[in-house]
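Each chain, letter by letter, is given below.
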Amino acid sequence: MKLNLAALAVAVSVLTAVDSHAYTVAGWIPPWNGSALTSLQQNAGAMHEANPVWYGLGADGSITKNWNAENATWRAAMAGLQILPTIQNVAGGRFDPSLVVNLIATSEGRERHAEAIAQLVAVNAYDGIDIDYERVPTTSRSDFTAFVTRLAGKLHAAGKKLSVTVYAKTSDQQNWNGPGSQDWAAIGAAADSVKIMAYDYSWSTSAPGPIAPLAWIDSVAAYAESVIPASKIIMGLPFYGYDWDGTIGRGIDYAQAMSLAATHGATISRDPNGEPTFAYSGHTVYFQDATSYAKKIETLRQKHPSIGGFTHWAQGQEDPAIWNVIRSGANSGTSPATPVPAADFQIDGPAAVSVMQGRSLAAEYRMIAINGFSGVATVSVQAPGGLTATPSASTVSPASPVTLTIGVSRKTAPGTHAVTVRFTSGGGIVRELTTGVVVQPAPKGKTHSAGR
């Protein structure tokens, strides 16, 4: 049921900035999720920086270790990467703003806390630290700025780096507790990188909706560039989704979302931002896959080519095919000073459909034009035994989608089968998209019209 990323080969240039620099690729690594280690072991070569979430704060303001922190196996998987562990104001499983308020309220307190962090970095031979202090009240804004500035000075004197994680916002007027405590201009002046959490536009207690809509992340990046040096801006993108029951959402990863869709026979569609979504039994699900990720990257690359790079919450939750998008451009060198973007396209269609034995359904596939592509492509389909897949036309253009009629034999085994749609343009561009066809068993004693 995983999308075939040949359909996303447009991303060959996606992560290569057009102002002659390569993007930094980082990731927050939750040590409590074994899938994060697997992802790290498989994909560290496509990354530059690791942010293992190893530290929290004690009630007395001391730095505490999260479960699995400093694990030698995990650290070995980060070999070759810049390691800037993340420290959060988490105690008892939740963000506690009072811990930070008390730590940084005085010059002496800021000095002690900054020194403790600097010593942590030095003793463990880290490359720096990532500060993720959340829900800090707006009244502590000047204290937080003073703390970041002092910590940056200590780290820089030792040749170490400071990363500061901040809430997404589109102006400094968004000054409620949390984002209001974070003076982006001052933080950007002191830190080496500013990681912006450009996700949770729709969140666990909101109405269902996209996690990171394109227009919003564009606005967040535009504000960031107005106050932070572009090279220091690291846009944080989601790997996760939510399953809402009304306005109560639980976080889910890519594998969980795909399993839910298959279990409930749900058809996965896409919202205008490219985020996959489906409904089942009164629930609404939005999640991320390689196509939605590529759309976010392409939006930022086109409109904000000078930003420093991308990071992700959280490693281990992703569609594995996202790494094909990242590898296609993350480690590229420089680009021409005045590049001419190539006309290209990708395929948009269902990631998964559900069909009963002996029945058929129609699924629509369309060509998404990129950089002004206006050509025509021939359509071909590959289907396994027991399935038929007949396109409504032999060619497709951006203005005319093609409908694929997928038929399932009564003898086809229940389970997931892959149907691959290929568009080939006269210019030699070949794109593919694989749809997972979930075959459901037919009721006993029933006959149907399709298949043999």
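Just above, that's the structure.
These notes cover the structure that comes with them. Residue numbering note: each chain is counted from 1, following its sequence as written. Reporting of local features is limited, given that this is a predicted model, to residues whose pLDDT is at least 70; pairs of side-chain atoms are given and counted only at 80 or more, and all residues count toward the totals for whole chains, interfaces and linings. To get the side-chain values, all heavy atoms of the structure are used, and hydrogens and water are removed first.

1. Details of the pairing of strand S12 (residues 241-245)
The cut-off we apply is this: Working definition: with a 1.4 Å probe on protein chains only, accessible area under 20% of the residue-type maximum means buried, over 50% means exposed, and in between means partly exposed. Put simply, DSSP marks the helices as runs of H or I at least four residues long and the strands as runs of E at least two long, and each gets a number from the N terminus on. DSSP calls a pair of strands paired once it identifies at least 2 bridges connecting them.
Counting buried residues in S12 gives four out of five residues, a clear majority hidden from the surface. The antiparallel pairing of S12 with strand S13 (residues 248-252) creates a hairpin that spans two residues between the two strands, and Gly 246 there sits at a positive phi of about 70°. Strand direction decides the pairing type here: S12 and strand S16 (residues 283-286), joined by four bridges, are antiparallel. Bridged to Tyr 242 within S16 is Tyr 286.

2. Observations concerning the environment of Gly 349
Heads up, the rule is: Pairs of residues are marked as contacts when any of their non-hydrogen atoms sit within 4.5 Å.
Mapped onto the elements of the fold, Gly 349 is located in the loop between strand S18 (344-348) and strand S19 (352-356). Spatially, the C-alpha atoms of Gly 349 and Asn 68 are 40 Å apart, while their sequence positions differ by 281 residues. Look past the residues within four positions of Gly 349 in its chain and what remains in contact with it is Arg 270, Glu 364, Tyr 365 and Leu 433.

3. Structural notes on the nonpolar core
For clarity, the threshold we go by: By convention a nonpolar core is built from buried Ala, Val, Leu, Ile, Met, Phe, Trp, Tyr and Cys residues, the set being connected through side-chain atoms within 4.5 Å.
Among the nonpolar cores identified, the biggest contains 76 residues, and Ile 129, Tyr 133, Leu 162, Ile 196 and Met 235 are the most heavily contacted of them. In terms of residue count, helix H7 (residues 214-227) provides more of this core than any other element does, seven residues in total. Excluding its chain neighbours within four sequence positions, the residues that come into contact with Ile 129 are Leu 84, Pro 85, Ile 87, Ile 117, Leu 120, Val 121, Leu 151, Leu 155, Lys 161, Leu 162 and Ser 163.

4. Considerations on the side chain of Gln 315
The test is simple: Polar contacts, as used here, are pairs of N or O atoms within 3.5 Å; protein pairs need one atom able to donate a hydrogen and one able to accept it. Residues neighboring in sequence count only if both atoms are side-chain atoms.
With respect to the helices and strands, Gln 315 occurs in the loop between strand S17 (309-313) and helix H10 (322-327). The exposure class assigned to Gln 315 is buried, which follows from its relative accessible area of 1%. Polar side-chain contacts of Gln 315 include one of 3.4 Å to the side chain of Ser 39.

5. Here we look at the sheet that holds strand S26 (residues 430-440)
One open sheet accounts for five strands, arranged S19-S26-S25-S21-S23; its pairing is mixed. Each having just a single partner strand, S19 and strand S23 (395-396) make up the two edges of the open sheet. Relative to strand S25 (residues 415-425), strand S21 (residues 377-382) runs antiparallel, the two being bridged by six bridges. Bridge assignment links Val 381 to a residue of S25, and that residue is Val 421.

6. Regarding unusual backbone geometry
In the segment running from Trp 313 into Ala 314, the intervening peptide bond is cis, with an omega of -5°. Take Ala 314: it is sitting in the loop between S17 and H10. With a phi angle near 75°, Asn 68 is a residue other than glycine that sits in the positive phi range. Along the chain, Asn 68 turns up in the loop between strand S3 (63-65) and helix H2 (72-77). Despite not being glycine, Ser 281 has its phi angle at roughly 45°, a positive value. Relative to the elements of secondary structure, Ser 281 occurs in the loop between strand S15 (276-280) and S16.

7. Observations concerning the environment of Phe 147
As for its position among the elements, Phe 147 is in helix H5 (residues 141-157). For Phe 147, a relative accessible area of 0% gives the class buried. Sequence spacing of Phe 147 and Ser 354 is 207 residues, and the spatial spacing of their C-alpha atoms is 55 Å. Contact partners of Phe 147, with chain neighbours within four places excluded, come to Ile 104, Arg 110, His 113, Ala 114, Ile 117 and Tyr 133.

8. Some remarks on the sheet that holds S13
This is how it is decided: Here an axis means a line fitted to C-alpha atoms, over the contact stretch when the element is a helix, while the angle between two N-to-C directions is reported on a 0 to 180 degree scale.
Taken in spatial order, the five strands of this open sheet run S13-S12-S16-S15-S14, and their pairing is antiparallel. Each end of this open sheet is capped by a strand with a single partner; those strands are S13 and strand S14 (269-270). Running at roughly 115° to S13, helix H8 (residues 254-263) makes contact with S12, S13, S15 and S16 of the sheet.

9. Quick notes on H8
Listed as buried for H8 are Tyr 254, Ala 257, Met 258, Leu 260, Ala 261 and Ala 262. Two or three places before Ala 255, at the opening of H8, Asp 253 has a side-chain oxygen 3.2 Å from that residue's backbone nitrogen. Positive phi appears at Gly 265, one or two residues downstream of H8, with a value of about 60°.

Shape is all these values report; function is a separate question.
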